[in-house]
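So you can see what is in the structure, the chains are spelled out below.
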Amino acid sequence: MGGDKSFMEAIRCKGIPRFMLIDQDGKFLNANMPRPSDGKTLEILNALPGL
């Protein structure tokens, strides 16, 4: 992304790696997801309606 940080600022990302949950319409469901290997990730996914 070079020196342009506008995207990082728009999604409030302070570092990489960053894990986010985005729905099929592009809406952010959780911009602060834990790592996929974290047990909390499965809890968050299981709590989503319609899964």
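Residues numbered from 1 in each chain as written. Predicted model: local features only at pLDDT ≥ 70, side-chain atom pairs only at ≥ 80, totals over all residues. Heavy atoms only, no water.

Trainee: Give me the lowdown on the side chain of Thr41, citing residues and values where you can.
Mentor: Locating Thr41 in the fold gives a position in helix 2 (residues 39-46). For Thr41, a relative accessible area of 10% corresponds to the buried category. When neighbours within four sequence positions are excluded, Thr41 is seen to be in contact with Met33, Pro34, Arg35 and Pro36. (Helix = DSSP H or I, 4+ residues; strand = E, 2+ residues; numbered from the N terminus. Buried < 20%, exposed > 50% of the residue type's maximum accessible area, 1.4 Å probe, protein only. Contact = heavy atoms within 4.5 Å.)

Trainee: An account of the confidence of the model for the chain is needed here, citing residue identities and associated values.
Mentor: Of the residues in the chain, 92% have a pLDDT of 70 or more, and the chain-wide mean is 85. Across the chain, the element-wise mean pLDDT spans from 82 in helix 1 (residues 6-10) up to 94 in helix 2. (pLDDT = per-residue confidence, 0-100.)

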